[in-house]
Amino acid sequence: MKFTVVTPSFGQLAFLKLNAASVADQRGPGVEVEHVVQDGGSRDGTREWLAERTDIRGVAEADNGMYDAINRGIIKGSGEVFSWLNCDEQYLPGALDMVREFFERNPKIDIAAGDTIVVDGEGEYMCHRKAVVPSAGILRLGRLPVQSSSLFFRERTVKGPKAVLFDTKWKAMGDWAWLKELMENGARLERIPKFLSTFTDTGGNLGISPRAIREMREVRAALTPVQRASAPVVRAGDYLRKIMDGYYFQKPYDYAIYDADPSAHSGVSSARRSRHVAKPTFDWKGHMMGH
């Protein structure tokens, strides 16, 4: 199965190197990977680094923000399954093979969402987020109970007559608007109950930015009085679904990611370093846009 992984890039070379290492080692029997890096004009050596990487399709061109960059990468891609992985995110070992197996077993499913580990800038554990198949009501409230780094979608969702690309008017909530439109058009999403990626909380992520808060307020301001009145019921139903699905329980586990290594020529550790999570938690402290 061929995957196209799109990485929008702008001035994050140190993180991009880790990202690329985590994508490169996904290749194996049954998994072909096309990694498209859309760079919007970095001046930190990213362009020069991309020119040296024969395993990455590096494209340097101006864009209108992250979602425009993702659109551009998707249009260039030729995979059977697409995803996007921001510079400060990494795939966990064997993630794409698990996605391949899932899609081969479930040919009618359009989108797969896995679970995600949230780490700090040094790759150390902060919390985790389990994916939840979103209801229409939850999406209407502007909530997105999946992390984009663990989201995978078939070619038919972004190519052809029923394609939906990102609306670039959104600067922080474009993934929410995109998934909402796809599911309103009948796309089917299911969860893969495995940790597939890490998301780095740098403190400056778009999803927890002032811009995201403004866009969330815009979404909620557009709700009808009936929708506003029913919001507590929708949230309660979502909470019960999470309890039933084991969202709030997780046994201790290990995860392995690449670390920065200034002494290495590549700037990346030669192998992933494993971390043990003795006390897993879903509590994302300081996260303004909770699911």
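Structure: above.
Now for a look at the structure at hand.

Examining the pattern of salt bridges
When charged atoms on two side chains of opposite charge get close, those side chains can pair.
So, point 1. Taken as a whole, this structure holds 22 salt bridges when the rule is applied.
So, point 2. The closest approach of N and O atoms between Lys 285 and Asp 283, which form a salt bridge, is 3.1 Å.
So, point 3. Under the relative-accessibility criterion, Lys 285 is labelled exposed at 65%.
So, point 4. Since its relative accessible area comes to 36%, Asp 283 is described here as partly exposed.
So, point 5. The network of salt bridges with shared partners includes Glu 61, Asp 68, Arg 72 and Lys 76.

So, the nonpolar core
So, point 1. Ranked by size, the top nonpolar core spans 28 residues in total, and within it Ile 74, Trp 84, Ile 111, Leu 151, Phe 153, Trp 176 and Trp 178 carry the most contacts.
So, point 2. Elements with a minimum of two residues in this core: α3 (66–76), β4 (81–84), β6 (111–119), β8 (151–154), α6 (174–184) and α7 (210–221).
So, point 3. Top element by residues in this core is α6. It accounts for five residues.
So, point 4. Excluding anything up to four places from it in sequence, Ile 74 contacts Val 6, Phe 82, Phe 153, Val 158, Lys 159, Leu 165 and Phe 166.
So, point 5. Residues Met 1, Leu 85, Tyr 91 and Phe 152 belong to the second largest nonpolar core, which totals 19 residues.

So, the environment of Ser 269
So, point 1. With respect to the helices and strands, Ser 269 occurs in the loop between β10 (253–257) and β11 (273–277).
So, point 2. The spatial distance from the C-alpha of Ser 269 to the C-alpha of Ile 257 is 9.4 Å, given a sequence separation of twelve residues.
So, point 3. When residues no more than four places from it in sequence are discounted, the contact partners of Ser 269 are Tyr 258, Asp 259 and Asp 261.
So, point 4. Among the polar contacts made by the side chain of Ser 269, one reaches the main-chain carbonyl oxygen of Ala 271 at a distance of 2.9 Å.

Side note on the packing of aromatic side chains
So, point 1. A full pass over the atoms with the stated rule returns 17 aromatic pairs.
So, point 2. On the basis of an interplanar angle of 75° and a centroid distance of 5.5 Å, the ring pair of Phe 199 and Trp 284 is categorised as edge-to-face. Taken together, the residues Phe 199 in strand β9 (residues 189–200) and Trp 284 in the segment after β11 connect sequence positions 85 residues apart.
So, point 3. By relative accessible area, Phe 199 is classed as buried at 11%.
So, point 4. Judged by its relative accessible area of 5%, Trp 284 falls in the buried class.
So, point 5. Arranged with centres 5.0 Å apart and planes meeting at 75°, the rings of Tyr 247 and Tyr 248 form a pair that is edge-to-face.
So, point 6. Among the aromatic residues, those joined into a ring-pair cluster are Tyr 67, Phe 82, Trp 84, Phe 153, Phe 166 and Trp 178.
So, point 7. Looking at Lys 242, its charged tip hangs above the ring of Tyr 247, at a distance of 4.6 Å from the centre.

Quick word on the pairing of β8
So, point 1. Alternating positions in β8 separate into two faces, Leu 151 and Phe 153 on one and Phe 152 and Arg 154 on the other, with burial throughout.
So, point 2. Where β6 meets β8, three bridges bridge the pair, whose relative direction is antiparallel. Paired with Ala 112 across the strands is Phe 152, a residue of β8.

About the thresholds
- Residues numbered from 1 in each chain as written.
- Predicted model: local features only at pLDDT ≥ 70, side-chain atom pairs only at ≥ 80, totals over all residues.
- Heavy atoms only, no water.
- Salt bridge = Lys/Arg side-chain N within 4 Å of Asp/Glu carboxyl O.
- Buried < 20%, exposed > 50% of the residue type's maximum accessible area, 1.4 Å probe, protein only.
- Core = buried A, V, L, I, M, F, W, Y, C linked by side-chain atoms within 4.5 Å.
- Helix = DSSP H or I, 4+ residues; strand = E, 2+ residues; numbered from the N terminus.
- Contact = heavy atoms within 4.5 Å.
- Polar contact = N/O pair within 3.5 Å; in protein donor to acceptor, adjacent residues only side chain to side chain.
- Phe/Tyr/Trp six-rings, centres within 6.5 Å; stacked < 30°, edge-to-face > 60°.
- Lys NZ or Arg CZ within 6 Å of the ring centre and 35° of its normal.
- Pairing = 2+ DSSP bridges.

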